[in-house]
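Below are the chains, spelled out letter by letter.
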Amino acid sequence: MEKMGCWDVLDIERMPDGCVPIGCKWVLKLKFRDGVYDKHRARLVALGYMQEKGRDFYETFSPTCNHVSIRLILALTAMPGWQALDLDAEAAFVSSVLGDDEVVYMKIPPGFTDHYGKGKVLRLRRSLYGLCQSPLNYYKLVQEVYEKAGLKRLKADECVFVRYENNVIGGPSTLSNEDLLKQGYFLNKNTVPVEKRIYKSCPHSVAALIVAVYVDNNACRFNCIELVEEFEAFLKADGRIKMLREGKLEWLLGVRYYFDEKKGAASCNQKSNIENILNKYGMRDCNAAPLPMSPSADLESLPTETIDPAVIAIYSSLIGELLYIAINTVPQISYVTSALTRYMTRATEAHLKYAKHVLRYLKGVMDRRITWCADNCRDPHKRHEIWACADSSYADCKPSRKSTMAYGLFVNNAVFSWKSCLSSIVATSTCEAELMAYCSCACEVLYARKLAAELGFCQLSPTKIYEDNEGAMVLVKNMHLRNRSKHIALRFSFAQILYQLGQIKPVAVPSIDQHADIGTKATGQPIFDRHVPVWLGEILP
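Residues numbered from 1 in each chain as written. Predicted model: local features only at pLDDT ≥ 70, side-chain atom pairs only at ≥ 80, totals over all residues. Heavy atoms only, no water.

Considerations on unusual backbone geometry
How we decide: The helix count covers DSSP runs of H or I at least four residues long, the strand count covers runs of E at least two residues long, and both are numbered beginning at the N terminus. Accessible area is worked out with a 1.4 Å probe on protein chains only. A residue is then buried under 20% of its type maximum, exposed over 50%, and partly exposed in between.
In this structure, Ala395 takes a positive phi of about 50° despite not being glycine. Its location among the elements puts Ala395 in the loop between strand E16 (387-393) and strand E17 (404-411). A relative accessible area of 11% places Ala395 in the buried class. Unusually for a residue other than glycine, Arg401 sits at a positive phi of about 60°. Take Arg401: it is sitting in the loop between E16 and E17. Of the residues examined, Arg401 reaches a relative accessible area of 42% and is grouped as partly exposed.

Here it is in structure tokens:
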């Protein structure tokens, strides 16, 4: 850190009046890879909670890549010729420099008093881990360096950077214009003969490099290794960000990814995380359950008079872990985890029993994956075509009489975005409840279409959203005010605007084929087993 110029050593008397040096500490950790010991790690962390806003820092917000964006990138590029790499930035935050107006003084690190001498203080020059402004400073550095390397930051997700290059000899010199973007670079399956390629390793007419940045983790998806090598060479020459190639992308944010480069399939699960949670709660040898929750379960009838802080602490921790699993790789438990979160402050042993029942279900499905593959798509859904489903359970929350709404967005044979939650307001009819779910789904569809277009997978037709309520579909297509609909909030007419613009298309579907049904209620075994394989991409819808 001294070689990097992280600080200047000063006499404590030279500090300006009123300035108080912040503390620091060492964070020691054992690093594991695939459950096997890898290395020891020691990190010096500043105690940022001692900073004062307006004196030694100003802005703190720093964006990170959306989990949905990562899944959509992998899903759209799930075809032969695409590969994935894991690039890790070494000492990421320390790579960025503090601004001239960010004057931060820090005490001597523990164990180094003799090295620097007494009566000394450090004037920080770089963004140490723990400082309030460090994430933002590092993101600004990433943006500057990556754009100089030829990558373009996307508007839909500002932590996704892309580079496209023509791969056909005699083709257009640039691919940055909007006309080519709207055509969709990768919608066809045509390959370029080797003798006509500019980049010999790329089979497509467009060579692509997509980098999704989550702090110091860089998930790279590409169809041309030459672009990756040029990117790494630029970073090495620039010297401000030291990037290490960790090999093929296998782990990212606790999620395990698998790739079949021959078929082009991409999949993910959290088996290791589930195993760790089962061990933590002593359920490694428990019997697997066929459902995350029985249809006859009634959480509202459970007593909540006797509150035990110890039970609430265990319950809150378990629900947080279940939520992370539901958000990332197991969409079929979204409803159950959403329902259980309503008792975070008044949980009892009975509620904890239901939460542990979800673990029993996960015990039986931890090997299952969400699998995307462009070549497995068949009618009525085409390759790279985004489609969705939305549903609602009217006034099912007895205390608030709010409705549970759920939606799922699919592409290349499996889901990539999903949600199950209570509506923000009380609906007065099933039609209104279904319209709320439809509008929430439409907002997510709009984001997904924009991101897909910027990635080169433009949606050439309106996105189909399957709905089983005829009244909601009529309101989306033609918002005529009637006695039973004139009260509906103006914001729910947003879906009608998207329909008129050709962004979405409501499609009627029988209730038995409504795949979002498992996100609105605890269903029986036949219905659950009918829909879950469709969400995970195990069968064709």
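Some remarks on the pattern of salt bridges
One side chain can pair with another of opposite charge once the charged atoms of both are near each other. We count it as follows: Salt bridge, as used here, is a side-chain nitrogen of Lys or Arg placed within 4 Å of a carboxyl oxygen of Asp or Glu.
Overall, the coordinates contain 20 salt bridges when judged by the stated rule. Between Lys148 and Glu144 there is a salt bridge, and its shortest N-O distance comes to 3.6 Å. One end of the pair, Lys148, and the other, Glu144, are both in helix H3 (residues 134-148), four residues apart, so they sit about a helical turn from each other. In this structure Glu144 comes out as partly exposed when scored by relative accessible area, which is 36%. Close ionic contact of Glu158 with Arg153 constitutes a salt bridge, the shortest N to O distance being 3.9 Å. Since its relative accessible area comes to 28%, Arg153 is described here as partly exposed. When salt bridges that share partners are traced, they join Glu144, Lys148, Asp238 and Arg240 into one network.

Let's talk about the layout of surface pockets
The rolling of a water-molecule-sized probe over the atoms marks out the regions of remaining empty space. What counts is decided by this rule: Lining residues are those with an atom within 4 Å of a point, where the points come from a 1 Å grid over the protein atoms alone and group into cavities, where a 1.4 Å probe fits but cannot get out, or pockets, open sets with protein on both sides within 12 Å along at least five of seven lines. Grid points are joined across faces, edges and corners, and a volume is the space filled by probe spheres set on the points. Throughout this entry, Asp, Glu, Lys and Arg are counted as charged residues, while Ala, Val, Leu, Ile, Met, Phe, Trp, Tyr, Cys and Pro are counted as nonpolar. The remaining residues, Gly among them, count as polar.
Volume-wise, the largest pocket comes out at about 1,400 Å³. For the largest pocket, the lining is made up of 35 residues, of which Lys31, Arg41, Asp88, Asp216 and Asn217 are closest to its centre. Of all elements in the fold, only strand E2 (24-33), strand E3 (36-46), strand E4 (83-90), strand E11 (242-248), strand E12 (251-252) and helix H6 (271-280) reach the threshold of two or more residues within the lining of the largest pocket. In the lining of the largest pocket, the residues fall into 15 nonpolar, seven polar and 13 charged.

Topic: the nonpolar core
Put simply, the test is: Here the nonpolar core consists of buried residues drawn from Ala, Val, Leu, Ile, Met, Phe, Trp, Tyr and Cys, with membership extended through side-chain atoms lying within 4.5 Å. By definition in these notes, contact holds between two residues if any of their heavy atoms fall within 4.5 Å.
Counting 114 residues, the largest nonpolar core has Leu359, Leu362, Trp372, Phe416, Leu455 and Ile465 as the members making the most contacts within it. For this core, the leading source of residues is helix H10 (residues 430-454), giving 14 residues. Setting aside its immediate chain neighbours within four residues, Leu455 contacts Ile73, Leu76, Leu154, Val160, Val162, Tyr164, Phe186 and Ile210.

Here we look at H3
Side chains of residues three or four places apart in an α-helix project in the same direction, reflecting 3.6 residues per turn. The following threshold applies: In this scheme, a helix's expected span is set at 1.5 Å multiplied by one less than its residue total.
The end-to-end C-alpha separation of H3 is 21 Å, in line with the 21 Å expected for 15 residues at 1.5 Å each. Burial in H3 covers these residues: Ser134, Leu136, Asn137, Tyr138, Tyr139, Leu141, Val142, Gln143, Val145 and Tyr146.

Thoughts on the sheet that holds strand E18 (residues 414-422)
Here is the rule: Strands qualify as paired when DSSP identifies two bridges or more between them. A fitted line through C-alpha atoms serves as each axis, taken over the contacting stretch for helices, and the angle formed by two N-to-C directions is quoted from 0 to 180°.
Spatially, the five strands line up as an open sheet ordered E18-E17-E16-E19-E20, and their pairing is mixed. One side of each edge strand has no neighbouring strand; the edge strands of this open sheet are E18 and strand E20 (504-508). Strand-to-strand twist in this sheet, taken as the mean axis angle between neighbours without regard to direction, amounts to 20°. Here strand E19 (residues 463-467) pairs with E20 via five bridges, running parallel. Directly across from Glu467, in E20, lies its bridge partner Ala508. Running over the sheet, helix H11 (residues 470-477) touches E19 and E20 and is turned about 155° from E20.

Honestly, that's just the spatial picture; any functional story needs more than this.
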